[in-house]
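A structural walkthrough
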Amino acid sequence: MNIIQLMKRYFPFSIIIVVLLLTFLHPSIDIKTAAPGQAPHFDTGDIAWMLVSTALVLIMTPGLAFFYGGMVNKKNVISTMLQSLICMVIVTVMWVTFGFSLAFGDDVHGIIGNPGTYFMMKGMLGDAVWPAAKTFPLLLFAMYQLKFAIITPALITGAFAERIRFNSYLIFVVLFAVFIYSPLAHSTWHPDGFLNKLGVLDFAGGTVVHMSAGWAALASALFLKRRADVSHAPARVTYVIIGTGLLWFGWFGFNAGSALGASALAATALATTTSAASAAGLTWVFFDMFRGRKPSAMGTCIGAVVGLVAITPAAGYVSVPHSLAIGIIAAIVSNLVVEWRTRTTIDDTLDVFPCHGVGGLVGMVLTGVFAHHNVNPAVTSNGLFFGETHLFLVQSMALIGVSIFAFFGSLLLLKVTDLISPLRVSVDEEAVGLDISQHGEKL
């Protein structure tokens with residue numbers, strides 16, 4: 001057994017041993033006590049809502065597993081679903097050791113957080129709170145944000161489904177979470193982040209989650225190239241329907257939870273979320289009929305998810321009528337991009353870029369069109385629809401910058417991963433299916 005084989009066998013478990021040792025060295029049991037008169041007022045209603053929202057966002061990842069798993073060939077269902085579920089464990093371990101610090105730790109040049117700020121969840125006990133969420137504990141905020149970090153790399157998997165080596169995928173997940181997700185989360189949602197200071201509005205993850213995943217998906221599809229057999233035979237449309245229901249259910253925690261409290265703003269975000277998803281699902285079906293196609297369960301599900309994606313950055317900034325507009329526009333644009341993609345040689349297996357990437361792009365742009373101060377006082381400059389241009393220009397510039405960063409950054413990480421461990425399975429492994437070749441399991 002050569003040195004490379006030994007490393008592949010023993011290195012992953014050695015990481016677990018290191019984490020185990022860190023739990024002894026850094027128990028993080030120090031209690032933070034606020035100065036007299038400055039202690040935060042914890043609101044039990046807000047705590048309850050954020051606990052529920054955290055659980056809701058977590059269920060989106062199993063929902064995504066069903067959503068993607070039902071779309072692939074039968075021989076790749078388990079592998080595709082596991083690629084989502086494994087993010088729940090690997091990202092969580094990373095997040096509680098140093099990941100949360102990278103995203104929300106003390107600011108470093110507006111780009112990234114200090115990894116030592118909350119290393120091993122230190123400083124989480126007692127009166128600790130996040131500056132923008134002082135009615136519930138900091139630890140709860142950290143756990144809520146963890147669920148966003150989990151689902152983002154999982155979203156990418158639909159682009160390279162049926163052809164990626166599982167061990168290499170694990171490496172890419174960690175690299176993406178560290179070098180793409182964390183900087184975007186910090187710069188967008190940290191008070192000192194440079195996108196935040198520019199006035200970029202992203203209520204629940206248009207740039208941080210969907211655009212980053214969408215552009216990484218396109219980079220992955222280009223880097224791994226086409227499958228040997230690009231025929232598409234969904235294994236279980238019923239899985240897709242179940243996955244859509246779980247995603248929609250969880251998305252209320254994703255968007256309404258981003259109000260960071262049980263408030264009127266949370267109610268607005270919940271209303272705009274379900275309205276946009278409904279409008280997009282209906283539009284996708286009717287647009288397919290307009291183009292001479294049969295109304296399908298798959299189209300309904302995809303359309304609804306596109307609407308959920310598009311409303312995410314705008315959920316707490318726009319009115320309910322404008323959420324309908326966002327859902328309708330996003331569904332038409334994404335449908336057309338899916339059609340365009342099928343005419344190219346780009347093998348984005350489950351159309352992650354046309355749906356999540358483009359949906360996120362449309363949502364960010366339309367936030368700059370429809371956002372209004374009366375919906376959320378955080379909107380200091382109204383959208384283009386109301387005759388003001390500043391916000392629209394800021395959103396557009398952020399869109400361009402994030403797109404460049406996420407696409408080319410992901411391409412670089414894919415190359416680095418491929419140098420460490422080849423990303424693409426062999427022709428024989430692809431032919432037999434990833435369930436057997438990567439996991440020794442089958443339906």
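Residues numbered from 1 in each chain as written. Predicted model: local features only at pLDDT ≥ 70, side-chain atom pairs only at ≥ 80, totals over all residues. Heavy atoms only, no water.

Some remarks on the environment of His 373
For His 373, the location among the structural elements is in the loop between helix 12 (352-370) and helix 13 (390-420). The exposure class assigned to His 373 is partly exposed, which follows from its relative accessible area of 39%. Between the C-alpha atom of His 373 and that of Tyr 317, which follows or precedes it by 56 residues, the distance is 7.7 Å. In this view, His 373 contacts Val 379 and Asn 382; residues no more than four positions away in its chain are not counted. (Helix = DSSP H or I, 4+ residues; strand = E, 2+ residues; numbered from the N terminus. Buried < 20%, exposed > 50% of the residue type's maximum accessible area, 1.4 Å probe, protein only. Contact = heavy atoms within 4.5 Å.)

Some words on empty space enclosed by the protein
Inspection of the entire model under this criterion finds 1 cavity of 30 Å³ or more. Reported here for the largest cavity is a volume of approximately 40 Å³. Along the walls of the largest cavity sit Leu 218, Val 337, Trp 340, Arg 341, Ile 346, Asp 348, Phe 353 and Pro 354, which together make up its complete lining. Within the residue set of the lining of the largest cavity, elements represented by two or more residues are helix 11 (320-342) and helix 12. Element by element, the count of residues in the lining of the largest cavity is highest for helix 11, at 3 residues. (1 Å grid on protein atoms, 1.4 Å probe; cavity = no way out; pocket = protein on both sides within 12 Å on 5 of 7 lines; lining within 4 Å. Points joined across faces, edges and corners; volume = space filled by probe spheres on them.)

Some words on the UniProt feature "domain: Ammonium transporter AmtB-like" (unreviewed entry) in the protein
The UniProt record annotates "domain: Ammonium transporter AmtB-like" (unreviewed entry) at residues 48-442. Taken end to end, residues 48-442 comprises 67% helix and 2% strand; its first and last C-alpha atoms sit 40 Å apart. (UniProt positions renumbered as here; feature names shortened; annotations may be inferred.)

Looking at unusual backbone geometry
The residue Ser 28 is not glycine, and still its phi comes out positive at about 55°. Note on placement: Ser 28 falls in the loop between helix 1 (3-25) and strand 1 (31-32). One non-glycine residue with positive phi stands out, namely Leu 260, at about 60°.

Notes on the packing of aromatic side chains
The full count for this structure, using the stated rule, is 23 aromatic pairs. Relative to Tyr 68, the ring of Phe 67 lies with its centre 6.0 Å away and its plane at 40°, an arrangement referred to as tilted. In this structure Phe 67 comes out as buried when scored by relative accessible area, which is 4%. Taking relative accessible area as the criterion, Tyr 68 reaches 1% and is therefore assigned buried. Aromatic pair Trp 215 and Phe 407: ring centres 5.9 Å apart, planes at 75°, arrangement edge-to-face. Linking Trp 215 in helix 7 (residues 206-224) with Phe 407 in helix 13, this pair joins segments that are 192 residues apart in sequence. With respect to class, Trp 215 is no different from Phe 407; both count as buried. (Phe/Tyr/Trp six-rings, centres within 6.5 Å; stacked < 30°, edge-to-face > 60°.)

Considering the layout of surface pockets
Taken as a whole, the largest pocket spans an internal volume of roughly 1,100 Å³. Considering the residues around the largest pocket, the lining is formed by 27 residues, among which Phe 11, Pro 12, Ile 15, Ile 90 and Ile 171 are closest to the centre. At the level of elements, helix 1, helix 3 (77-104) and helix 5 (166-189) are the ones that each hand at least two residues to the lining of the largest pocket. With 10 residues, helix 1 is the single largest residue contributor to the lining of the largest pocket. Taken together, the residues of the lining of the largest pocket break down into 21 nonpolar, 4 polar and 2 charged. (Nonpolar A, V, L, I, M, F, W, Y, C, P; charged D, E, K, R; others polar.)

Some remarks on the nonpolar core
If you look at the biggest cluster of nonpolar residues, it comprises 127 residues, and the most contacted ones within it are Phe 67, Phe 100, Tyr 181 and Phe 254. Every residue in contact with Phe 67, bar those within four places of it in the chain, is listed here: Tyr 239, Val 240, Gly 243, Thr 244, Leu 247, Cys 301, Ile 302 and Val 305. In this structure, Met 94, Ile 112, Ala 177 and Val 178 belong to the second largest nonpolar core, which totals 5 residues. (Core = buried A, V, L, I, M, F, W, Y, C linked by side-chain atoms within 4.5 Å.)

Quick notes on the pattern of salt bridges
All chains considered together, the criterion is met by 8 salt bridges. Arg 293 is the salt-bridge partner of Glu 339, the closest N and O atoms lying 2.5 Å from each other. Within this pair, whereas Glu 339 is found in helix 11, its partner Arg 293 is found in the loop between helix 9 (264-290) and helix 10 (297-311), the two being separated by 46 residues in sequence. A relative accessible area of 38% means that Arg 293 is categorised as partly exposed. (Salt bridge = Lys/Arg side-chain N within 4 Å of Asp/Glu carboxyl O.)

Some words on a nonpolar patch on the surface
Residues Phe 13, Ile 16, Ile 17, Leu 20, Leu 21, Phe 24 and Leu 25 make up a contiguous nonpolar surface patch of about 740 Å² in total accessible area. By secondary structure assignment, the location of Ile 16 is in helix 1. (Patch = residues over 30% accessible without salt bridge, like charges linked within 9 Å, V, L, I, M, F, W, Y side chains within 5 Å. Areas by Shrake-Rupley, 256 points an atom, 1.4 Å probe, with all protein chains shown as cover.)

Observations concerning the side chain of Glu 430
By the secondary structure assignment, Glu 430 is in helix 14 (residues 427-432). A distance of 3.0 Å separates a polar atom in the side chain of Glu 430 from a polar atom in the side chain of Arg 424. When near neighbours in sequence (up to four residues on either side) are disregarded, Glu 430 contacts Lys 75, Glu 162, Arg 163, Arg 227, Ala 228, Asp 229, Arg 424 and Val 425. (Polar contact = N/O pair within 3.5 Å; in protein donor to acceptor, adjacent residues only side chain to side chain.)

Re the side chain of Thr 97
Mapped onto the elements of the fold, Thr 97 is located in helix 3. A polar side-chain atom of Thr 97 sits 2.9 Å from the main-chain carbonyl oxygen of Val 93. In terms of polar contacts, Thr 97 uses its side chain to reach the backbone carbonyl oxygen of Met 94, at 2.8 Å. Setting aside its immediate chain neighbours within four residues, Thr 97 contacts Tyr 118, Phe 119 and Met 120.

As for the state of the cysteines
Tallying each qualifying case throughout the model produces 0 disulfides. Free cysteine Cys 301: the closest other cysteine sulfur is in Cys 355, separated by 12 Å. The buried category is assigned to Cys 355, whose relative accessible area is 8%. (Disulfide = S-S within 2.5 Å.)

Digging into the packing of helix 4 (residues 138-156) against helix 7
Interaxial distance between helix 4 and helix 7 falls to 8 Å at its minimum, and their mutual angle equals 30°. Taken together, the axes of helix 4 and helix 7 are roughly parallel relative to one another. Of the two possible hands of crossing, helix 4 and helix 7 adopt the one that is right-handed. Counted together, Phe 148, Thr 152, Leu 155 and Ile 156 of helix 4 and Val 208, Val 209, His 210, Ser 212, Ala 213, Ala 216, Ala 217 and Ser 220 of helix 7 form the full contact between these two elements. Within the contact of helix 4 with helix 7, the residues separate by chemical class into 8 nonpolar, 4 polar and no charged. (Axes fitted to C-alpha atoms, helices over the stretch in contact; angles between N-to-C directions. Parallel < 35°, antiparallel > 145°, perpendicular 65-115°, else oblique. Left-handed = near helix turned anticlockwise from the far one by under 90°.)

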